[in-house]
Amino acid sequence: MNTETANMNDSSIVSELLKNIKPFKLRCSGIGQVMGVKGLGKTGETFLNNWIVEQIYNRRKDFYSKYTEKGTRMEEKSIEYLSQQLNLPCYKNEEFFEDDDLQGTPDIILDEQDLIIDNKCSWDCFTFPFYAKEIPSKDYEYQLQGYMALTGKKKAMLAYTLMDADSELIKAEAKKLSWEEGYRGLVEKELYDRVKSDMTYSNLPDHLRIKTFEIERNESIISSIRERVKVCKEYIKSITE
């Protein structure tokens, strides 16, 4: 088989796969990726191109970092801490929500308070928004507006917590630092204790460990999000047809 024939066959296979991709729904965590000031922009197009590839290969493009690792590992304790500090019955929400445009799973839903909460577990005191007067990233406001659109809630809260890292995270960071300092992965007690001290915060007062930002449901923003989803669908259609 020559190269030209092979390319034609590949194109035929891809075209067939594209016919069967599921209808596009925007994850609330990804809304900020497509809300460029002047349309989708390169960021939005890359986001949508990755979504198309996910459908073709039936794979999910996941993002991993030590920051997300701590958030995942400490999520339960972080929510418990939030519940204590906010004096609210906070529990991890497992319910998945979707409509024709959006989909997502809010961290915490409080029906009596007509409130959803998105929980961010900061990696350390330098990523904790100590000085911030408003939501540090517009992307998070879009995400919260998306969650309110899906759940019908009128209020949302973005909550940052500064939690102790667990022993596995501390060991991993200590080993990394050992290599950086020329000890070839050997972790002596002095090094471990130094890293542990840097990665634990329960000795600090609560006002240094929690930061919250409240926002109200904004129908104008929600409408602009839904309009941008239409643009996303048009872009995908232009690529896949």
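This text goes with the structure placed above it.
Residues numbered from 1 in each chain as written. Predicted model: local features only at pLDDT ≥ 70, side-chain atom pairs only at ≥ 80, totals over all residues. Heavy atoms only, no water.

## Details of the side chain of glutamine 143
Thought 1: Following the sequence through the fold, glutamine 143 ends up in helix 6 (residues 138-151).
Thought 2: When its relative accessible area of 7% is taken as the criterion, glutamine 143 is described as buried.
Thought 3: What glutamine 143 contacts, discounting residues up to four positions off in sequence, is Cys28, Ser29, Asp118 and Lys120. (Helix = DSSP H or I, 4+ residues; strand = E, 2+ residues; numbered from the N terminus. Buried < 20%, exposed > 50% of the residue type's maximum accessible area, 1.4 Å probe, protein only. Contact = heavy atoms within 4.5 Å.)

## Thoughts on the pattern of salt bridges
Thought 1: Under the definition given, this model contains 18 salt bridges.
Thought 2: Its salt-bridge partner being lysine 25, residue glutamate 98 comes within 3.1 Å of it at the nearest N-O pair. Here glutamate 98, found in strand 2 (residues 97-98), pairs with lysine 25, found in the loop between helix 1 (3-19) and strand 1 (26-27); they are 73 residues apart in sequence, far enough to count as distant.
Thought 3: The partly exposed category is assigned to glutamate 98, whose relative accessible area is 46%.
Thought 4: Relative accessible area serves as the criterion here: at 23%, lysine 25 is assigned to the partly exposed category.
Thought 5: In this structure, the salt-bridge partner of arginine 27 is glutamate 54, at a minimum N-O distance of 3.9 Å. Of this pair, arginine 27 sits in strand 1 while glutamate 54 sits in helix 3 (residues 41-57), placing them 27 residues apart in sequence.
Thought 6: For arginine 27, a relative accessible area of 22% puts it in the partly exposed group. (Salt bridge = Lys/Arg side-chain N within 4 Å of Asp/Glu carboxyl O.)

## Section: the sheet that holds strand 2
Thought 1: If you trace the three strands from one edge of the open sheet to the other, you get 1-3-2, paired in mixed fashion. Of all the strands in the sheet, the pair left with one neighbour each is strand 1 and strand 2.
Thought 2: Across the sheet, helix 6 lies against strand 2 and strand 3 (102-104), angled at about 100° from strand 3, the strand it touches most. (Pairing = 2+ DSSP bridges. Axes fitted to C-alpha atoms, helices over the stretch in contact; angles between N-to-C directions.)

## Here we look at the packing of aromatic side chains
Thought 1: Scanning all chains against the criterion turns up four aromatic pairs.
Thought 2: Aromatic pair phenylalanine 24 and tryptophan 51: ring centres 5.1 Å apart, planes at 85°, arrangement edge-to-face. Taken as a pair, phenylalanine 24 in the loop between helix 1 and strand 1 and tryptophan 51 in helix 3 lie far apart in primary sequence, 27 residues in all.
Thought 3: Tryptophan 51 sits in the buried class, given a relative accessible area of 5%.
Thought 4: Ring geometry for phenylalanine 130 against tyrosine 131: centres 5.0 Å apart, planes inclined by 85°, an arrangement best described as edge-to-face.
Thought 5: Lysine 138 extends its terminal NZ or CZ atom over the ring of tyrosine 142, reaching a point 5.5 Å from the ring centre.
Thought 6: Directly above the aromatic system of tyrosine 81 lies the positively charged group of arginine 209, at a separation of 4.4 Å from the ring centroid. (Phe/Tyr/Trp six-rings, centres within 6.5 Å; stacked < 30°, edge-to-face > 60°. Lys NZ or Arg CZ within 6 Å of the ring centre and 35° of its normal.)

## What to know about the nonpolar core
Across soluble globular proteins, nonpolar side chains show a tendency to be buried alongside one another.
Thought 1: By size, the foremost hydrophobic cluster in this structure holds 37 residues, and its most contacted members are Phe24, Leu26, Ile31, Leu48, Leu102 and Leu144.
Thought 2: Contributing elements (two or more residues each) for this core: helix 2 (31-34), helix 3, helix 6, strand 6 (155-161), strand 7 (210-216) and helix 9 (219-240).
Thought 3: Top contributing element to this core by residue count: helix 9, with seven residues.
Thought 4: Setting aside chain neighbours within four positions, we find leucine 102 in contact with Lys25, Leu26, Ile31, Phe97, Gly146, Ala149, Leu150, Ile225, Arg226 and Val229.
Thought 5: Listed in part, the 15 residues of the second largest apolar core include Ile79, Tyr81, Cys121 and Met163. (Core = buried A, V, L, I, M, F, W, Y, C linked by side-chain atoms within 4.5 Å.)

## Quick look at the pairing of strand 6
Thought 1: Where burial is concerned, most of strand 6 is hidden: six out of the seven residues are buried.
Thought 2: Bridge analysis of strand 5 (residues 115-121) against strand 6 gives seven bridges, and the strand direction is parallel. Following the sheet pairing, isoleucine 117 is matched in strand 6 by methionine 157.
Thought 3: Between the parallel elements strand 5 and strand 6, the chain passes through helix 6 in a crossover that is right-handed. (Right-handed = clockwise from strand over helix to strand, strands pointing away.)

## Examining unusual backbone geometry
Thought 1: Within the chain, asparagine 87 stands out as a residue other than glycine whose phi angle is a positive 55°.
Thought 2: When you line up the elements, asparagine 87 lands in the loop between helix 5 (75-86) and strand 2.
Thought 3: The phi dihedral of aspartate 114 falls on the positive side, at around 55°, and the residue is not glycine.
Thought 4: In this structure, aspartate 114 sits in the loop between strand 4 (108-110) and strand 5.

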